[in-house]
Amino acid sequence: MLRIAVPNKGSLSGPAADMLHEAGYRQRRESKELRIVDPGNEVEFFYLRPRDIAIYVSSGRLDIGITGRDLLVDSGADAEEILPLGFARSTFRFAGKPGTANGVADLKGRTVATSYEGIVARHLADSGVDASVVHLDGAVETAIELGVAEVIADVVETGTSLRNAGLEVFGEPIMKSEAIVIRRTGADAEEAAEPKVQQFLRRLQGVLVARTYVMMDYDCRVEQLEKAVALTPGLESPTVSPLHNEGWVAVRAMVPAKDAQRIMDDLYAIGARAILTTAIHACRL
Ligand SMILES: Nc1ncnc2c1ncn2[C@@H]1O[C@H](COP(=O)(O)OP(=O)(O)OP(=O)(O)O)[C@@H](O)[C@H]1O
Ligand SMILES: O=P(O)(O)OC[C@H]1O[C@H](OP(=O)(O)OP(=O)(O)O)[C@H](O)[C@@H]1O
Ligand SMILES: [Mg+2]
């Protein structure tokens, strides 16, 4: 049975459960459930604090886990990223009252509050800056107003939390994060779990593709085929089938969902007709 760690709370937990459900896995019904077995897929899910997931996975007791890239780096655990999942996207940044600092070099001798002590301490050390780090569990934006620190380092998505606290980011982003699948560093590809791990990854990749691509079908004249195919190259190569009407072909290709309307306009302009797009519910590439 494949043993997988899934976030039980916070920004990662809802989207992770949605993705696993879309990939055909059974998910818990109650937020209090801490583990469930999906016997049909021979998988057991452990619902753990996002911060702890890299530690469990690096211990080898769990085969893989879903966590945030920033949480993995912060933990310093012996685990590696094997698949980015495209949700819980954020940047990790320094912030302070306007005019506090322009970059990491200005932080010498100052105090930085953060929930991500590992990332911040390493970044300061790599930058050769000697500053103090105060660990707080969350809501770090308030630390400046309350005089616990002059600077914070925190997750920023929309920037609303910073604005509400009268703070501004400064310096280069320290890192970019998103949800990721992790496994133990150097996990042996010969391990018994390997085929199941690969199957799990293919399922999640299938969900990512189904979310970002649509299927496009259209008819076009043979003389326009090369131009049309240039607009819809597909992932490998489009399917082209003859039509009963001589001189016409039907084309089928996957296209990025965000470009679908523009591609339909461009196909129409070169004479393609009966242009349809349909959602992809699941796929294996
Ligand atoms: N507002 C946000 N938008 C996008 N991603 C976020 C946001 N807040 C946190 N994250 C990301 O979610 C992951 C999990 O962070 P964390 O466990 O702190 O979740 P949380 O939503 O802050 O919940 P809590 O602090 O209540 O546990 C991290 O990788 C972080 O980058
Ligand atoms: O840029 P924004 O869109 O405002 O998002 C960023 C905020 O979201 C997270 O906080 P969360 O709500 O998880 O609270 P926490 O600080 O207690 O973790 C993060 O720590 C920031 O405070
Ligand atoms: Mg948080």
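Residues numbered from 1 in each chain as written. Chains lettered and ligands numbered in written order. Predicted model: local features only at pLDDT ≥ 70, side-chain atom pairs only at ≥ 80, totals over all residues. Heavy atoms only, no water.

What about the UniProt feature "domain: Histidine biosynthesis HisG C-terminal" (unreviewed entry) in the protein chain?
Thinking step 1. Mapped onto the present numbering, the UniProt feature "domain: Histidine biosynthesis HisG C-terminal" (unreviewed entry) falls on residues 210-281.
Thinking step 2. Taken end to end, residues 210-281 comprises 28% helix and 40% strand; its first and last C-alpha atoms sit 6 Å apart. (UniProt positions renumbered as here; feature names shortened; annotations may be inferred. Helix = DSSP H or I, 4+ residues; strand = E, 2+ residues; numbered from the N terminus.)

Some details on the domain arrangement of the protein chain
Thinking step 1. Each assigned domain of the protein chain is listed with its residue range as follows: domain 1 (2-87 + 178-187), domain 2 (90-176) and domain 3 (213-279).
Thinking step 2. When each unit is reduced to the centre of its C-alpha atoms, the spacing between domain 1 and domain 2 is 27 Å.
Thinking step 3. The interface is formed by 7 residues belonging to domain 1 together with 10 residues belonging to domain 2.
Thinking step 4. In total, about 710 Å² of surface goes out of reach between domain 1 and domain 2, with carbon and sulfur atoms giving 49% of it.
Thinking step 5. Counted by class, the side of domain 1 that touches domain 2 contains 2 nonpolar, 1 polar and 4 charged residues. (Domains from an automatic or database assignment. Contact = heavy atoms within 4.5 Å. Buried area = accessible area lost by both parts, 1.4 Å probe. Nonpolar A, V, L, I, M, F, W, Y, C, P; charged D, E, K, R; others polar.)

What to know about the sheet that holds strand 8 (residues 132-135)
Thinking step 1. Read across the open sheet, the 5 strands follow the order 8-7-9-6-10; overall the sheet is mixed. For this open sheet the edge positions go to strand 8 and strand 10 (168-177), each flanked by a neighbour on one side alone. Pairwise comparison of adjacent strand axes, ignoring direction, gives a mean angle of 25° for this sheet.
Thinking step 2. Taken together, the 4 bridges between strand 7 (residues 111-114) and strand 8 define a ladder with parallel strand orientation. Considered in strand 8, the bridge of A113 is made with V134. (Pairing = 2+ DSSP bridges. Axes fitted to C-alpha atoms, helices over the stretch in contact; angles between N-to-C directions.)

Some thoughts on helix 9 (residues 260-269)
Thinking step 1. Within helix 9, the full set of buried residues consists of A260, I263, M264 and L267. The buried residues of helix 9 occupy one face: seen down the axis, they fall within an arc of 105°. Every exposed residue of helix 9 that faces more than 90 degrees away from the buried side is listed here: Q261, D265 and A269.
Thinking step 2. On its buried face, helix 9 sits against strand 12 (213-221), helix 8 (225-231), strand 14 (248-256) and strand 15 (273-279).
Thinking step 3. A positive backbone phi angle near 100° is found at G271, which sits one or two residues after helix 9. (Buried < 20%, exposed > 50% of the residue type's maximum accessible area, 1.4 Å probe, protein only. Arc of directions from axis to C-beta.)

Overview of the side chain of D70
Thinking step 1. Of note, D70 is situated in helix 3 (residues 69-75).
Thinking step 2. There is no salt bridge for the buried D70, and the closest opposite charge comes from R51, which lies 7.5 Å off by N-O distance. (Lys, Arg positive; Asp, Glu negative; His and termini not counted. Salt bridge = Lys/Arg side-chain N within 4 Å of Asp/Glu carboxyl O.)

Brief notes about the site of ligand 2
Thinking step 1. Taken together, G138, A139, E141, D154, V155, V156, E157, T158, G159, T160 and S161 make up the full set of residues adjacent to ligand 2.
Thinking step 2. At 2.8 Å, a backbone N or O of A139 approaches an oxygen atom of ligand 2.
Thinking step 3. Take S161: an N or O atom from its side chain is 2.6 Å from an oxygen atom of ligand 2.
Thinking step 4. Relative to its unbound accessible surface of 490 Å², ligand 2 loses 59% to contact with the protein.
Thinking step 5. Going through the elements one at a time, strand 9 (151-156) and helix 6 (160-164) are the ones with two or more residues in the shell around ligand 2.
Thinking step 6. Looking at which element gives the most residues to the shell around ligand 2, the answer is strand 9, with 3 residues.
Thinking step 7. Split by residue class, the shell around ligand 2 holds 3 nonpolar, 5 polar and 3 charged. (Near = heavy atom within 4 Å. Polar contact = N/O pair within 3.5 Å; in protein donor to acceptor, adjacent residues only side chain to side chain. Areas by Shrake-Rupley, 256 points an atom, 1.4 Å probe, with all protein chains shown as cover.)

Regarding the sheet that holds strand 3 (residues 43-48)
Thinking step 1. One open sheet holds the 6 strands; their spatial order is 2-3-1-4-11-5, and the pairing between them is mixed. Both edges of this open sheet fall to strand 2 (35-38) and strand 5 (79-84), since each of them pairs with a single strand only. Strand-to-strand, the axes of this sheet are offset by a mean angle of 30°, without reference to chain direction.
Thinking step 2. Examined bridge by bridge, strand 2 and strand 3 share 4 bridges and lie antiparallel to one another. Bridge assignment links I36 to a residue of strand 3, and that residue is F45.
Thinking step 3. The strands touched by helix 1 (residues 10-22) within the sheet are strand 1 (2-7), strand 3, strand 4 (64-68) and strand 11 (179-184), with strand 1 carrying the most contacts at an inclination of about 140°.

Considerations on the nonpolar core
One recurring pattern in soluble globular proteins is that nonpolar side chains are buried together.
Thinking step 1. Residues F45, L85, F94, L107, V181, F200 and L204 are the most contacted members of the largest nonpolar core, which totals 43 residues.
Thinking step 2. Of all the elements, helix 7 (residues 194-212) adds the most residues to this core, at 5 residues.
Thinking step 3. Judged by nonpolar contacts, the second largest core, of 16 residues, contains L225, A228, V251 and A272. (Core = buried A, V, L, I, M, F, W, Y, C linked by side-chain atoms within 4.5 Å.)

A word on the pairing of strand 1
Thinking step 1. Burial of strand 1 is extensive: 5 of the 6 residues sit out of reach of the surface.
Thinking step 2. As paired elements, strand 1 and strand 3 share 6 bridges and run parallel to each other. By the bridge assignment for strand 3, V6 is matched with Y47.
Thinking step 3. Two elements, strand 1 and strand 4, share 2 bridges in a ladder whose sense is parallel. Along strand 4, the bridge assignment pairs A5 with G65.

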